[in-house]
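Analysis of the macromolecular model
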Amino acid sequence: GWPFPEGHFTDGHDGAGVLLDTFTYATFPTAPLSASDGTIAFWFQPQWTAPAERDDHVLLDVFADPGNFLLLTYRGDTGRLEVVMTGVTMTMMGPTVVRASRRCDAPFRSRAWHHIVLTWRTVGSECVASVFFDGGFCAETDPSVPLAAMPAAFVLGSSHGQRLPANGVLDTVEVYPRAVSA
């Protein structure tokens, strides 16, 4: 079942969906996920005016621990989807934050359904995350950004700090303990 209050259900892509507004988001434990490989897929319908929207909207926040996270955000200033990966690496000077972002064309349309897939795979000591939008490849992160224990939990509909709400309808969330293609 969904971890949402009763009043937030609405028509979804495939049955009932959940309206993600300023105060509604979902935090999921990652018990079925693997730290080395995994997939999170979902349907999302923006309730904002795409592509004219100027605000940012966090669709997905995957976090391992402070300093290690991955954000999937609609950037209002560019009208593009951005994946940001941040990791902490140890150097002779102590912990150093490494950050990389990739933007991709993701033609969101207002009140249209979009299928979004995030996969990650670890080969050796490098973790690479890939984003697919409506069945097509969208972006891939830089493997030089270290991610420790990816992930510990993930949030759909907002950032972990409950900022930049998605403002849309969420439906059909799928989680796999392996990297799959869109």
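Residues numbered from 1 in each chain as written. Predicted model: local features only at pLDDT ≥ 70, side-chain atom pairs only at ≥ 80, totals over all residues. Heavy atoms only, no water.

Turning next to the overall build of the protein chain. A tally of helices and strands in the protein chain yields zero helices and 13 strands. Along the protein chain, helices (α) and strands (β) appear in the sequence β-β-β-β-β-β-β-β-β-β-β-β-β when read from the amino end. Residue burial in the protein chain is summarised as follows: out of 182 residues, 48% are buried. The long-range share in the protein chain, meaning contacts at least 24 apart out of those at least 6 apart in sequence, stands at 62%. As presented, the protein chain carries roughly 8600 Å² of accessible surface, and 54% of it is formed by carbon and sulfur atoms. (Helix = DSSP H or I, 4+ residues; strand = E, 2+ residues; numbered from the N terminus. Buried < 20%, exposed > 50% of the residue type's maximum accessible area, 1.4 Å probe, protein only. Contact = heavy atoms within 4.5 Å. Areas by Shrake-Rupley, 256 points an atom, 1.4 Å probe, with all protein chains shown as cover.)

Below, the discussion takes up the state of the cysteines. By the definition in use, this model includes one disulfide. Two residues share a disulfide in this structure: C104 and C138, whose sulfurs sit 1.8 Å from each other. Between C104 and C138, the S-S torsion sits near 75 degrees, and that sign places the bridge as right-handed. With C104 in strand β8 (residues 94-104) and C138 in strand β11 (residues 136-140), this residue pair connects regions lying 34 residues apart in the sequence. Across the pair, C138 and C104 agree in class, each one buried. (Disulfide = S-S within 2.5 Å.)

Before going further, it helps to examine the packing of aromatic side chains. This model, assessed by the stated rule, comprises seven aromatic pairs. Each member of the aromatic cluster is reached from another via a ring pair, and the members are F44, W48, Y74, F108 and F133. (Phe/Tyr/Trp six-rings, centres within 6.5 Å; stacked < 30°, edge-to-face > 60°.)

Counting through the fold element by element, H115 comes out in strand β9 (residues 114-123). Excluding residues that lie within four positions of it along the chain, H115 makes contacts with A41, F42, W43, F132, F133, D134 and E174.

On to the nonpolar core. Generally speaking, a soluble globular protein has its nonpolar side chains buried in company with each other. Ranked by size, the top nonpolar core spans 33 residues in total, and within it F42, F44, L60, L81 and F108 carry the most contacts. By residue number, the principal contributor to this core is strand β10 (residues 126-133), which donates four residues. Every residue in contact with F42, bar those within four places of it in the chain, is listed here: L59, L60, H114, H115, I116, L156, L170, D171, T172 and V173. (Core = buried A, V, L, I, M, F, W, Y, C linked by side-chain atoms within 4.5 Å.)

Quick look at the sheet that holds strand β2 (residues 15-20) now. Spatially, β1-β2-β13-β4-β9-β10-β11 is the arrangement adopted by the seven strands of the open sheet, whose pairing is antiparallel. Looking at strand neighbours, the two that pair on one side only are β1 (9-12) and β11, the edges of this open sheet. Looking at each pair of strands side by side, their axes are set apart by 35 degrees on average, direction ignored. The pairing of β1 with β2 spans four bridges and is classified as antiparallel. Counterpart to D11 in the pairing with β2 is A16. (Pairing = 2+ DSSP bridges. Axes fitted to C-alpha atoms, helices over the stretch in contact; angles between N-to-C directions.)

On to the environment of P107. Assignment of secondary structure puts P107 in the loop between β8 and β9. For P107, a relative accessible area of 53% translates into the label exposed. Along the backbone, P107 and F133 are 26 residues apart, and their C-alpha atoms lie at a distance of 8.8 Å. Those residues in contact with P107 that sit more than four places away from it in its chain are H114 and F133.

A word on the pairing of β9. Within β9, seven of the ten residues are buried, leaving the element largely enclosed by the surrounding structure. Across eight bridges, the pairing between β9 and β10 is antiparallel. Residue V117 lies in a different strand from β10, and its bridge partner there is F132.

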